[in-house]
Each structure stands twice: as C-alpha cells, then as structure tokens.
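What follows is the residue order along each chain.
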Amino acid sequence: VEHSWELLMNAPGVQVTQFKMGTDAGRFSFRGFNGEGRINAVKLLIDGIPSNDNAGGMPYLDAVWPLDITAMEIVRGTNDARYGLNAIAGDVNVVTRQGGNDGQLSMTAGSFGTQDLQLAKGFEHGPWSQNYFIGWRQSAGERDHADATQRSFAGKWFYTDPDGTWRGGLTTRYYRNAALEAGYLSYPQLQADPTQSPDYARDDRSERETRQTALHVDGRIGSDWHWTAKAYQNDYRNQRWVTFTEGGAQQERFNDERQRGLMFNASWRPATALAELVVDAGVDGQWQDNIAQRFRTVQRQRQATLRDWDFNLDTRGAYVQAVIRPIDRLKLVPAYRVDRIYGDFTDVSSGTTAPVYHYGLIKQPKFSASYSITDAVVAYANWGRTFQIGSGNGAYRTQAQDLAPSINEGWEAGLKWSPAAGLQTRVAVWEQTASDEVATILGVNGTVGSNEVGNVGKTRRRGWDLQANWQPDARWRAWASYSRQKATIEVPDPSAPATRGRQIENVPNWLASAGVEFSPVPDWTFSAWGNGQGDYYVERTNTLGRYGGYALLNVGAAYRLNPRNQLMLQLKNATDRAYLYAWYDSGSSGYSPGDGRALYLTWTREL
C-alpha cells in the first residue's frame, strides 16, 4: 500500500476514502461518518499517543508503515471512556514493534514506477531494548503529474527495571512526503482519459512533515496497582498548492500545528469475592498551537491573503470505569468521562480575537455488558455518549451567543458465536444520533471565511454488521464482513429545509471485505482478497446522483526461498475495475479515478 490507512480496507465496517491528491491522499472512517474532512469522527492513536490534527484528520498515520505495525486495535461506537476529543464514532490505536532481536527488510518494485524500501530491526539485551525503522517509497502514480517521494524514520529506546516494577522509554517518529498533484477531473475528462492531469493543475503540489516524540513510563505498585504515564509532542506542517476546478484559482494552503500532551492512567485490581473487579481511572491534557493560512496564488506565487489564523485549543479530560464480573458469565462495565475545552482565536488579517465557546463540562456516561449464554455464544450490548466541537475557527465565539457541543449518543447490541473450532462469527445492530451536528465548509473555491463550520442539524446513523473468521487448520484462513449503514438528517438546519430526511453525503449504504489464504505446501501461500462499497450521494439534498461504488479483487502468491527469504507477487485490482472518488462543494464538483490493474514484486528477508 502507498499509505497505511489503506490497510483498513480489510477491516470490518471501515470506509476508506481515497483522494489520491499529493499529500492529501485519503482517510478512513466508520459508523456512517465519511472521510471527507467535514467531520473527522475517529480518534487516532499511535502506540497510545493521540495523533489527530486540529480538524481531527490523521496525517500522522502516514508516518507508520506496514512493516513497523504489529496490530491495529479498532473500537467502533461510543462506549470507550478512555478518549474524548475526536472520538465521536470510536478510536483506532496503531501498535508498532517493540523489543525483541528480530527484524525484517522489505524491497518492492512494481507498476507506476513504484519502488519501496522498508527496514525494521529490534535489539534487546538485558534491561535495554531498541527498535528502529527506516522507510523510503517513490512512485510516479498511474496518472500524469502524480510523482511522490516519501521518507520515514522511527526509533524506540526502553529500559525495564530488573525487578519488573517499572519501565521507561523514549519514542520518536519523523515523516516527509513531497508530491505532485494530478488534479481533479470533470466527468467528461474522466470518461475520456482517467490517467490525464488537467492543464490547470500543472503547478499544483504539496509537502508534508510530521514529527512525534514521546516519553513513556509505566509500573506497578504491589500486586494490585498498575499505572502508565505519557508525555508527548506532535508537530505537523503541510504546505499545499491546489487548483480544484478549471475555473477556480490556485490556492496555497499552509498549516503549522504543534501539540503537547500529558496522559496518566491507573488500574486497581483488588482481591474480592467477585469473579473479577478492576477499577480504571485516567486524566489527560493537550495544548495545541495552530497556524492556518490560505493565499490566492499564481504559479505558487502569493497574490492575496484569504486566511491568516493563529489559534490555540486546549483540552482537559478525566474518566473512571470499572470492570465488574459478579459471576464468570456476566461482565458489566460502567464508565463516566468528562472533558473541558479552552482556547483563543486570532484572525491576524483583521486583528479580531475570540475565546472558545463556553462548552462547559462535557459529561459522557457509558455502559457495556456481556453475557456468555454458552461457551460458544456471547451476547453483548453497550451504550454511551461522545461529543463534537467545531474545527478551525468553528470552536470559537465569533458571534454573540455560546454554542453547546454536539452530543452523540449511540448503542450497539450483538452476538458472538463460535460454532466450531477455528470459526468465529459476529452479528450486531447499532445506532448513533447527534444533536446539532456541525460540519466544516471546505470552501473549495477559496472564498474568504471558508472552512468555517456550518450546522447540519440533528442526525441519525444506523446499521448492522456481519463478520466471520475461519481457520480450520494451519493451511487455510478466510474472513468476510458485510455492513449496512445509513446516515440521515432528521431535523435540518433551518436554512436548508430540503435536507430533511435526506442522506448525508459520501456515505455508502454498504461496505464489504473478504479474503482467503491457502498454503498447499509449507513454502507456498496463495491469497485472494477484496473489498467494496455502494454508491453514495455527493450532497445533502440527494439530487445530484450517486457515485463511488466499487468491488475490487486482489490476488497474490508468496514463495519462501529458505527460512529467511521470501518472494511475494501481488496483482492489485486484478479485473482492472474502473472506480472513482467524487465530491461536490460550494457549487463545484470533481472526480479522482482509482488505480487500475497493478503488479508488484516484493522480496522480504528476516534479520
């Protein structure tokens, strides 16, 4: 994959939105939220460190490459009390390699001039451990004017007390991407030649840098207490020159953000007469300093200032939850979280200032329960509240009255069933409502004041999920998931009555993924996997048609030359299916075609 968020195409119920535009290549989302950037509803963490930008986007994920990833932990819904800001629909924690003396070197070459090098290596001796990752990737892209070069470096250094009572470490991660932008096409241009780049995009390009540095300390006190503490700094700098449509002017979009944060968590596991009791509590704080600027440009030379914002956003949060198992078969998890928002906004161009809205104490009760009906069947349900505030200048009192946060309330109920050894299935239904949902006005034409937040209204998202994972023996592994979802506007903004009962833009009604791996002999593995989604409306009155549906098939074969070396051949989009991403905003629209059939050869060596 070109970016690690593409790995989530195989995750159940996850929608991946591919822009394929320079450094702004795409995002993922779930629970009926789209990846447009209007509402970024997923809290991203990398090794437990918050990793969203001010708008809730996920630029830091690009710095984590597949060879460095151990797992992606996905929590969908409103019942996770650990996180506040950005966790509207759930959270994803990306866990990377730590410890060990193993490593891997991976080299890939393939279609569109793709060259990829990844090296991950761990060193562990006594109480000390070190982990390093180096990545370099270059591609010309299938379309004209789409060249990109990415670089990444990560390091971890940890010390574990010989008595095992505490552990401390430092982690750091750096990423840089310099890319050209092929530009969005009109629909006739897309049909005539999807690989072309329109002439008006010839001067478009982007550069992105991210840095993450964190201190981690954790330990235990006696046999009942365990604690963790983290301090971190995130730096994000993105400079993008973009022309969205043939009649539009080129813009320079510049963001420079710095986040500093602290997190502390403690768990208590006392001896009781109950089958299990764990009490967990935590506090966290984040301090953001952000610059957001836009300029009207010609051939990347500034002509006029469209935006010059300097603002800070500070959050404080705390939670407490208990895992109570009165009997072995029943587990109850009550939880409660509170958050408080602070900050100030300055429009440098006009000299005006504004404080953050007086959101007050944002209260978020939550509750989860599960019951083992039999050893093979578990029923579960959860309920909870999360919150949303505006991004950019949308969180600040630029008008007389205060605004309350939008409260998301959601529930889920389901069954997990293991009818046979190696087979796990799950079925679930869910719903999530929001009071006074707001969305960023992307303002693709660069009008003054664009990117302000607009009211969507009261919304409802609902759906159901099916999942199955099957591994009958060491030779076979298969998985499949199917999700239905629908996001509608129940009570519209008074200025947009035509949106009542309509579907929210860029949310397909179904998502699916499936795959199979087969190893007929120990040295050979054959695989086939794919994913798909339905069409979606591109605007909230649902009058401009539906786009974006697809079903893609990928196949691969891997051969282990010896215990340390493996060759893998992958054919992506094997049927050469044509598909696209479509957007509509402020009276304009654009289309970005997906990649066609592509072949890649990878050599991997165990170190």
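The rules behind the values
- Residues numbered from 1 in each chain as written.
- Predicted model: local features only at pLDDT ≥ 70, side-chain atom pairs only at ≥ 80, totals over all residues.
- Heavy atoms only, no water.
- Pairing = 2+ DSSP bridges.
- Helix = DSSP H or I, 4+ residues; strand = E, 2+ residues; numbered from the N terminus.
- Buried < 20%, exposed > 50% of the residue type's maximum accessible area, 1.4 Å probe, protein only.
- pLDDT = per-residue confidence, 0-100.
- Contact = heavy atoms within 4.5 Å.
- Salt bridge = Lys/Arg side-chain N within 4 Å of Asp/Glu carboxyl O.
- Phe/Tyr/Trp six-rings, centres within 6.5 Å; stacked < 30°, edge-to-face > 60°.
- Lys NZ or Arg CZ within 6 Å of the ring centre and 35° of its normal.

**Observations concerning the sheet that holds strand β6 (residues 90-96)**
Ordered in space as β4-β3-β6-β5, the four strands form an open sheet in which the pairing is mixed. Looking along the sheet, the strands with just one partner apiece sit at the ends: β4 (49-50) and β5 (69-76). As paired elements, strand β3 (residues 42-46) and β4 share two bridges and run antiparallel to each other. Across the sheet, Leu45 pairs through a bridge with Pro50, a residue of β4.

**A look at unusual backbone geometry**
With glycine set apart, most residues show a phi of negative sign, and most peptide bonds adopt trans. One non-glycine residue, Phe112, adopts positive backbone phi at about 60°. Overall, Phe112 belongs to the buried group, its relative accessible area being 19%.

**Regarding the pairing of strand β8 (residues 114-125)**
Sheet analysis places strand β7 (residues 103-110) next to β8, joined by eight bridges and oriented antiparallel. Opposite Thr108, over in β8, you have Asp116 as the bridge partner. Linking two consecutive strands that pair antiparallel, namely β7 and β8, is a turn of three residues; a positive phi of about 60° is found at Phe112 within it. A loop of two residues connects β8 with strand β9 (residues 128-139), the two strands running antiparallel in sequence, and Gly126 in this loop sits at a positive phi of about 60°.

**Let's talk about the pairing of strand β14 (residues 250-268)**
Direction of pairing for strand β13 (residues 225-242) relative to β14: antiparallel, over a ladder of 18 bridges. Each bridged residue has a counterpart across the sheet, and for Ala229 the counterpart in β14 is Phe264. Sheet topology note: the β14/strand β15 (residues 276-298) ladder contains 19 bridges and is antiparallel. Its bridge partner lying in β15, Glu252 is registered against Phe295.

**Some thoughts on the confidence of the model for the protein**
Across the protein, the average pLDDT comes to 94, with 99% of residues at or above 70. Note that pLDDT drops below 50 for residues 444-450; the model gives that stretch 23 contacts with residues more than four away or on any other chain.

**Some details on the pattern of salt bridges**
Summed over the entire model, instances satisfying the criterion amount to 42 salt bridges. Linking Asp68 and Arg173 is a salt bridge whose minimum nitrogen-to-oxygen distance equals 3.1 Å. Of this pair, Asp68 sits in the loop between β4 and β5 while Arg173 is found in strand β11 (residues 166-180), placing the two residues 105 residues apart along the sequence. Arg173 carries the same exposure label as Asp68, and that label is buried.

**Details of the packing of aromatic side chains**
This structure, assessed with the given rule, holds 27 aromatic pairs. Residues Trp309 and Phe345 carry aromatic rings whose centres are separated by 5.5 Å and whose planes lie at 70° to one another, so their mutual orientation is edge-to-face. Of this pair, Trp309 sits in strand β16 (residues 301-327) while Phe345 sits in strand β17 (residues 330-347), and the two are 36 residues apart along the sequence. Of the residues examined, Trp309 reaches a relative accessible area of 5% and is grouped as buried. Note on Phe345: relative accessible area 4%, which makes it buried. The interplanar angle of 35° and the centroid separation of 5.4 Å between the aromatic rings of Phe345 and Tyr396 together place this pair among those described as tilted. Of the two residues, Phe345 is situated in strand β17 and Tyr396 in the loop between β20 (377-388) and β21 (406-420); the sequence distance between them amounts to 51 residues. With respect to class, Phe345 is no different from Tyr396; both count as buried. In textbook terms, an aromatic cluster arises when at least three aromatic residues are bridged by ring pairs, as seen for Phe19, Tyr184, Phe244, Tyr581 and Trp583. Above the plane of the ring of Phe295 lies Arg302, whose end atom (NZ or CZ) is 4.0 Å from the centre.

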